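One-letter residues, chain by chain:
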Amino acid sequence: MRVFAIFHRFLQKTKMRCLYITATGLLVFSACSDDEFTSLPSHTLLFSTDTVSMDTVFSKVPTAARTFWVYNRSGKGIRLANVRLQRGNQTGFRVNVDGIELGASQGFQAGNIEVENKDSLRVFVELTSSSNNADTPQKIEDELIFTLESGVEQRVVLRAWSWDAEMLTDLKVVNDTVIDSSRPIIVYGGITVAENATLNIEEGTTLYFHDKAGIDVYGRLICRGAAENNIVLRGDRIDRMFDYLPYDGLSGTWRGLRFYESSYENELDFVDVHSACDAIVCDSSDVARLTLTLKNSIVHNSQGYGLKSVHSTINIVNSQITNALNDCVGIFGGVARINNSTIAQFYPFDSNRGAALRFTNFYGEDNLPLYSFECCNTIVTGYAEDVVMGESRDSTVAYQYKFDHCLLRTPEMEADSIRLNSIIWENVEDTAVAGERNFYNIDIDLLRYDFRLRNKSVAIGKANKQSATEFDRLGVRRDDEPDMGCYEFIHSSDNEQNNNSQKIWKRK
């Protein structure tokens, strides 16, 4: 640097600036010389993947972007004569290469792209596929071709399965209506069922709700699925956040169901409601009338309440209500009966999670009499030492409850034959994972949950024979020694996992 400075001052003194500029220009020109780029066929690019796979996507719905990297580790600069989509605009793939969009105006290609040695390009891929006119997903494939200056072609496969879906936007149900489709249904804005109208959703139907969409029921909602053909209510993201985590595994991807004061005689049977905010909410209503029957159903992974009932009358049978940021089940006054259900609080996204079960005779500042709350043959467990919260704020307000043949993760209470009968008190002095041991799989790392009973669960054979349901949530007939919870354990000398996976869907 000292020699360069002396030379610079010398040029200034001798007014030889032109020589200096010329010399500097030669240095710059030398640094950027064509000699640094190569057209030898042996010099090629490296790719972070050879295939961009989008799994299943909805036709006519733009996907999120997938990305991959293009690296030059050849030792010389490489020029791309051309980057193009082999099928042009025939598939619906959209590509951006290092800020250059391969659009229609460019013929879905770009040229004269330089990749210097040890440099890289980032490529973004999106897809909006056309309708397939088929009930099943159809394969869509294209190739992104990188043609080097040497004439060498390198390819990355673009692949997806496109599924035709029906679209519902701000649906207002003012007359009795049936939704029944073998294709997925995407709901934008939401569905509103007017007072005096009934919406029937048939078995096997899946509704995919866009962000903040849900169902508001002022009239009546009837969902009757089957053990082998559930109705599914879920969010509309069918792609993945990470390779191991689909967006469907996240909570709060759609709004959920709300039953208003004028809504009665609602029925959810063999329905899978998951990944909502407040999954099911029953507003204050006439407790002399039944607001909701939830049977043989799943309510899982809620970012608010799993099921919240405010001064309503509800009936929960053979259902799994699990993992909620607030309470899995919150009963605030009214009338409620729970039988042969599994209520488990293992919500993974926030340690400040609510209870598995809460029942009170108030809500906010209002006193709400709890006229009757019965919980039979049910498992109530979770991570915390106490996941059962019963609270009475005013002794003059009705607060009637009873637990019969239940497994409860809460500190043992004094014997009370009127309110507590045949209770298994889960050992809360054990480690915090004690509640997990009842179930087949609780995997917080991969967010996989299987609430069927393990062969060592203390809930096996402990339900009340007289009040236990005949079949479990999956349509399996309960044996002579019925189990607590919504799943009946299948006794066999075979491997537990194989036995359950092969027989769990068979109605005996």
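Residues numbered from 1 in each chain as written. Predicted model: local features only at pLDDT ≥ 70, side-chain atom pairs only at ≥ 80, totals over all residues. Heavy atoms only, no water.

Turning our attention to the overall build of the chain. Within the chain one finds three helices and 44 strands. Taking all 508 residues of the chain together, the buried fraction comes to 50%. Nonlocal contacts in the chain, meaning residues at least 24 apart in sequence, comprise 62% of its contacts between residues at least 6 apart. With the model as given, the accessible surface of the chain reaches about 24,200 Å², and the carbon-plus-sulfur share is 47%. (Helix = DSSP H or I, 4+ residues; strand = E, 2+ residues; numbered from the N terminus. Buried < 20%, exposed > 50% of the residue type's maximum accessible area, 1.4 Å probe, protein only. Contact = heavy atoms within 4.5 Å. Areas by Shrake-Rupley, 256 points an atom, 1.4 Å probe, with all protein chains shown as cover.)

Tracing the backbone through its elements, the reader meets I442 in strand 43 (residues 439–443). On the accessibility criterion, I442 (14% relative accessible area) is buried. C-alpha of I442 to C-alpha of F346: the two residues are 96 residues apart in sequence and 8.2 Å apart in space. The contacts of I442, once residues within four sequence positions are left out, are F346, Y383, E436, R448, Y449 and F451.

This brings us to the nonpolar core. One finds I280, F359, F373 and F403 to be the most contacted residues of the largest nonpolar core, which totals 59 residues. Ignoring anything within four residues of it in the chain, the contact list for F359 reads I331, L370, F373, V388, M389, G390, E391, Y399, Y401 and F403. Core analysis: the second largest hydrophobic core is formed by 29 residues, M54, V83, F108 and V156 among them. (Core = buried A, V, L, I, M, F, W, Y, C linked by side-chain atoms within 4.5 Å.)

What follows is about the pairing of strand 10 (residues 120–127). In regular strands, side chains alternate between the two faces of the sheet. Because side chains alternate across strand 10, one face comprises the buried residues L121, V123, V125 and L127, and the other comprises S120, R122, F124 and E126, none of which is buried. Two strands pair when backbone bridges link them, and strand 6 (residues 93–97) and strand 10 are joined in this way by five bridges, in the antiparallel orientation. For R94, the partnering residue across the bridge sits in strand 10 and is E126. (Pairing = 2+ DSSP bridges.)

Now for the sheet that holds strand 6. Two modes of strand pairing occur in sheets, parallel and antiparallel, and in both the strands are linked by backbone hydrogen bonds. Spatially, 2-4-10-6-7 is the arrangement adopted by the five strands of the open sheet, whose pairing is antiparallel. Edge positions in the sheet fall to strand 2 (46–47) and strand 7 (100–101), since each of these pairs with one other strand and no more. As judged from the two bridges shared by strand 6 and strand 7, these two strands associate in the antiparallel manner. Residue V97 lies in a different strand from strand 7, and its bridge partner there is I100.

A word on unusual backbone geometry. Its identity is not glycine, yet K212 carries a phi of approximately 75 degrees, on the positive side. Here K212 shows up in the loop between strand 17 (206–209) and strand 18 (214–217). When its relative accessible area of 65% is taken as the criterion, K212 is described as exposed. Positive phi values are uncommon outside glycine, yet N318 reaches one of about 55 degrees.

This paragraph deals with the pattern of salt bridges. Throughout the structure, instances matching the rule amount to 25 salt bridges. Note that R477 is salt-bridged to E470, the shortest N-O span being 2.6 Å. When salt bridges that share partners are traced, they join R84, E143, E153 and R155 into one network. (Salt bridge = Lys/Arg side-chain N within 4 Å of Asp/Glu carboxyl O.)

This part takes up the pairing of strand 17. Alternating residues of strand 17 divide into T206 and Y208 and L207 and F209, and every residue in both groups is buried. Where strand 15 (residues 185–193) and strand 17 come together, three bridges link them in parallel fashion. Paired with I186 across the two strands is Y208, which belongs to strand 17. Sheet topology places strand 17 next to strand 20 (residues 231–235); four bridges connect them, and they run parallel. Directly across from Y208, in strand 20, lies its bridge partner R234.

This part covers the packing of aromatic side chains. This model, assessed by the stated rule, comprises 22 aromatic pairs. For the pair F346 and Y383, a centre-to-centre distance of 4.8 Å together with 85 degrees between the ring planes defines the contact as edge-to-face. One end of the pair, F346, is in the loop between strand 32 (342–345) and strand 33 (357–360); the other, Y383, is in the loop between strand 37 (379–382) and strand 38 (388–391), with 37 residues separating them in the sequence. With relative accessibility at 0%, the residue F346 sits in the buried group. (Phe/Tyr/Trp six-rings, centres within 6.5 Å; stacked < 30°, edge-to-face > 60°.)

The next thing to look at is the side chain of D404. Within the secondary structure, D404 sits in strand 39 (residues 399–404). K402 is the oppositely charged side chain nearest to the buried, salt-bridge-free D404, at an N-O distance of 5.2 Å. Separated by 3.1 Å, the side chains of D404 and H405 make a polar contact. Filtering out sequence-adjacent residues up to four positions away, D404 remains in contact with C375, C376, N377, N421, I423, N464 and S467. (Lys, Arg positive; Asp, Glu negative; His and termini not counted. Polar contact = N/O pair within 3.5 Å; in protein donor to acceptor, adjacent residues only side chain to side chain.)

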